[in-house]
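For reference, the chains in residue letters:
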Amino acid sequence: MITSAIGDSKALQAIQNTPVQPNGAEMLSASEGFEKILNGLGANAFEALRTGEATAIAAIEGKASTQQAVMATMEAEKSLQAALAIRDKVVSAFLEISRMQI
Amino acid sequence: MGDALISAMKTSASGLEAQSMRVRIISENLANAQSTGSTPGSDPFRRKTITFGEELDRMSGATLVDVKSVQTDQTPFGLEFDPGNPAANAAGYVKMPNVNLILEMADMREANRSYESNLQVVKQSREMISMTIDLLRGGN
């Protein structure tokens, strides 16, 4: 905990020391970037989940093979996990910025 | 050109499908190992063979495997003396299917092994992908 706190304060100092003058346009593009990332993640994950679900149902009905159902489900799971991991990262980055002293 | 690991999984999946089809053909051969004709001198069940061929996946450029053709084995039928059988010819011999049980068993074992190795590829690729995603987790 202590070391992480030290690391955070050092990072904060580094950010405060950098001679960046954020203007309105840059702030806007940053928040747009976050939004874009989150939207893209959501769309991809939902698409994969929908495909996985449809294939699983087709397999239950006997229209698709077990292999296809398993592959589609695993694909969906992988996409979801990747999306969640990236979302966590993006949200924590956003929170980090919002906690920054002005 | 997408993710190579995903392509690997797709390729193994095509291998799984191909080997499943092979097992299906073997089961047909085994189930019909005693299927004779029903009229005098008629032909019995002819053993089926399966051949695989490569198939290009245009999305990823990977070379998948696909069932190329299911054909029939042209080796001659064996003759069995069974005068009471409706398929017996004038001399009392019945044509038996050209299915060799030992051969089918060996073939099934090979299909099983091949299926297993394809499954291992899926497992390993999946593990490598999740290991990479796990890089994003933790550390915060």
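Definitions and cut-offs
Residues numbered from 1 in each chain as written. Chains lettered and ligands numbered in written order. Predicted model: local features only at pLDDT ≥ 70, side-chain atom pairs only at ≥ 80, totals over all residues. Heavy atoms only, no water. Helix = DSSP H or I, 4+ residues; strand = E, 2+ residues; numbered from the N terminus. Buried < 20%, exposed > 50% of the residue type's maximum accessible area, 1.4 Å probe, protein only. Contact = heavy atoms within 4.5 Å. Areas by Shrake-Rupley, 256 points an atom, 1.4 Å probe, with all protein chains shown as cover. Patch = residues over 30% accessible without salt bridge, like charges linked within 9 Å, V, L, I, M, F, W, Y side chains within 5 Å. Salt bridge = Lys/Arg side-chain N within 4 Å of Asp/Glu carboxyl O. Expected span 1.5 Å × (residues − 1). Polar contact = N/O pair within 3.5 Å; in protein donor to acceptor, adjacent residues only side chain to side chain. Core = buried A, V, L, I, M, F, W, Y, C linked by side-chain atoms within 4.5 Å. Axes fitted to C-alpha atoms, helices over the stretch in contact; angles between N-to-C directions. Parallel < 35°, antiparallel > 145°, perpendicular 65-115°, else oblique. Left-handed = near helix turned anticlockwise from the far one by under 90°. Nonpolar A, V, L, I, M, F, W, Y, C, P; charged D, E, K, R; others polar.

A. Up close: the overall build of chain A. The number of helices and strands found in chain A is three helices and zero strands. Start at the N end of chain A and walk to the C end: the helices and strands fall as α-α-α. Relative to its 102 residues, chain A shows a buried fraction of 19%. Long-range pairs, those at least 24 residues apart, make up 68% of the contacts in chain A with a sequence separation of at least 6. Surface summary for chain A: the accessible area is close to 7600 Å², and the carbon and sulfur share equals 63%.

B. Local environment of a nonpolar patch on the surface. All names here are of chain A. On the surface, Phe46, Leu49, Leu80 and Leu84 cluster together into a nonpolar patch covering about 330 Å² of accessible area. Of all elements in the fold, only α2 (24-60) and α3 (66-98) reach the threshold of two or more residues within the nonpolar patch. Tracing the sequence through the fold places Leu84 in helix α3.

C. Geometry of helix α1 (residues 4-31) of chain B. When the terminal C-alpha atoms of α1(B) are compared, their 40 Å separation across 28 residues agrees well with the 40 Å that a helix rising 1.5 Å per residue should span. Its side-chain oxygen at 2.9 Å from the backbone nitrogen of Leu5(B), Asp3(B) defines the N-terminal cap of α1(B).

D. Here's a closer look at the nonpolar core. Judged by nonpolar contacts, Met71(A), Met74(A), Ala82(A), Ala85(A), Ile6(B), Met9(B), Ala13(B), Leu16(B), Val122(B), Ile129(B) and Ile133(B) together constitute the single largest core of 11 residues. Among the elements of the structure, α3 of chain A together with α1 and α2 (101-134) of chain B are those that each provide at least two residues to this core. Contact partners of Ile129(B), with chain neighbours within four places excluded, come to Lys78(A), Leu5(B), Ile6(B) and Met9(B).

E. Structural context of the environment of Asp43(B). Residues and elements named next belong to chain B. Relative to the helices and strands, Asp43 resides in the loop between α1 and β1 (48-56). Each C-alpha atom of the pair Asp43 and Lys95 lies 6.5 Å from the other, and the pair is 52 residues apart in sequence. Leaving out residues up to four positions away in the same chain, Asp43 has contacts with Gly37, Phe77 and Lys95. Only 2.8 Å separates the side chain of Asp43 from the side chain of Lys95, close enough to count as a polar contact.

F. Local environment of the environment of Asp57(B). All names here are of chain B. Looking at the secondary structure, you find Asp57 in the loop between β1 and β2 (63-72). Remark: the alpha-carbon pair of Asp57 and Thr11, spanning 46 residues in sequence, is separated by 8.8 Å. Apart from the residues within four sequence positions on either side, Asp57 is in contact with Lys10, Ala62 and Leu64. In terms of polar contacts, Asp57 uses its side chain to reach the side chain of Ser60, at 2.9 Å.

G. Just the packing of α3(A) against α1(B), in detail. Contact geometry for α3(A) and α1(B): axes closest at 10 Å, N-to-C directions at 165°. On the basis of the axis angle, α3(A) is roughly antiparallel to α1(B). In this structure, α3(A) crosses over α1(B), and the sense of that crossing is right-handed. The residues of α1(B) that touch α3(A), namely those facing Gln67(A), Gln68(A), Met71(A), Met74(A), Glu75(A) and Lys78(A), are Ile6(B), Met9(B), Ala13(B), Leu16(B), Glu17(B) and Ser20(B). Residue classes in the contact of α3(A) with α1(B) are distributed as six nonpolar, three polar and three charged.

H. Spatial organisation of α2(B). Spanning 34 residues, α2(B) covers 49 Å between terminal C-alpha atoms, matching the ideal 50 Å at 1.5 Å per step. The set of residues buried in α2(B) consists of Glu104(B), Asp107(B), Ala111(B), Asn118(B), Val122(B), Ser125(B), Ile129(B) and Ile133(B). Of the surrounding secondary structure, the elements contacted by the buried residues of α2(B) are α3 of chain A together with α1 of chain B. Near the N-terminus of α2(B), the side chain that reaches the backbone nitrogen of Ile102(B), with its oxygen 3.2 Å away, is that of Asn100(B).

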